[in-house]
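Chain by chain, the residues:
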Amino acid sequence: MRATRNKTRVINTVDSTTNFQITEAYKAFRTNVQFSVASSESHCKRISITSAHPREGKTITTINLAVTLSQTEARTLVIDCDMRRPRVHRYFNLESRVGLSNLLSGMCSMDEAIKETNKPNLQILPAGLIPPNPAELISSEAMKNLLDKLSEKYDYILFDTPPVNVVSDALALTKYVDGTIVVVRSSFSTHPETKKVLTQFEYANVSVLGFVLNDVVNSNTKGYSKKYRYYSYK
């Protein structure tokens, strides 16, 4: 395994200074998600967020959905399942040397792996050391047992997963979640690649909760040129 470096970056999470339209779009997104998984058998709702390819905005979408859920006083955990190119920890300026891979390998405890953030009710489980077998770890019995324990503690668990059309990790995780959200980026994502994602999910019998259309330019907004909106999928 090799350690990931902690790089300082501009925090781009939803807060009191965020443009009104961005905030409202995420609140609408949150509401749609809450209704989409309302019939989940367990108290804890498990939702994975993915995309077809990198740079479509899945990580910031995962984080900002988690932030808006935590604002309702829901106990929320983000798990970075992208153990090839982990990024969740960077948005909170945290280390990723101890995290999911360490925990699944029996190298640390949950208390050591789970990190507090500067957002109330929101914690993250970083990816940890980069392992040689991410897909195998994610689909392991240890992962199932871990999620069973975490589900007793949290109301929502969100998973930031690798792009579906690049590696199989996201598909391996779907057996443990209540549903999956696909992020597509305006003027970047293509119809054939998105269709390929849905075809793979169909073969795997994955419940697709919907899409997030990311990076939409709104010509009527002077203060902020981007907004996020949620579209349901049937």
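Here the residue index of a chain counts from 1 through its sequence in written order. In keeping with the model being predicted, local features are shown solely for residues with a pLDDT of at least 70 and side-chain atom pairs are shown and tallied solely at 80 or more, while totals for entire chains, interfaces and linings include all residues. Side-chain measures were taken over the full set of non-hydrogen atoms in the model, leaving aside hydrogen atoms and water.

Asker: Would you mind going over the overall build of the protein in detail, with residue names and values included?
Answerer: To qualify as a helix, a DSSP run of H or I must reach at least 4 residues; to qualify as a strand, a run of E must reach at least 2; elements of each kind are numbered from the N terminus. A count of helices and strands for the protein gives eight helices and eight strands. Buried, partly exposed and exposed residues are distinguished by accessible area as a fraction of the type maximum, computed with a 1.4 Å probe on protein chains only: under 20%, between the cut-offs, and over 50%, respectively. A burial count over the protein gives 55% of its 234 residues as buried. Contacts spanning at least 24 positions in sequence make up 78% of the contacts within the protein whose residues lie at least 6 apart. Computed with a 1.4 Å probe, the accessible areas rest on the Shrake-Rupley method; for each residue, only the protein chains presented here act as cover. Total accessible area on the protein stands at roughly 11,300 Å², and carbon and sulfur atoms take up 48% of it. The contact criterion used throughout is that any non-hydrogen atoms of two residues lie within 4.5 Å.

Asker: Any details on the confidence of the model for the protein? Residues and values, ideally.
Answerer: Reading fine detail from the predicted coordinates is not recommended where pLDDT is low. As a per-residue measure, pLDDT reflects the predictor's confidence and takes values from 0 up to 100. In this model, the protein carries a mean pLDDT of 84, and residues with pLDDT of at least 70 account for 83%. Contacts for the low-pLDDT stretch residues 1-11, under 50 throughout, to residues beyond four places or in other chains number 34 contacts. This stretch, residues 221-234, has a pLDDT under 50; its non-local contacts, to residues over four places away or in other chains, come to 45 contacts.

Asker: Account for the pairing of strand E7 (residues 208-217), with residues named and values stated.
Answerer: Extensive coverage of E7 is indicated by the burial of seven of its ten residues. Between the parallel elements strand E6 (residues 179-185) and E7, the chain passes through helix H8 (residues 191-203) in a crossover that is right-handed. The path from the first strand over the helix to the second decides the hand: if it runs clockwise while the strands point away from the viewer, the crossover is right-handed.

Asker: Now, about the pairing of E6: what can you tell me, with residues and values included?
Answerer: With six of seven residues buried, E6 is to be regarded as a mostly interior element. Two strands pair when backbone bridges link them, and strand E1 (residues 45-51) and E6 are joined in this way by five bridges, in the parallel orientation. Bridge pairing links Ile-49 to Ile-181 in E6. By definition, two strands form a pair when at least two bridges between them are found by DSSP. Pairing geometry for E6 and E7, over six bridges, is parallel.

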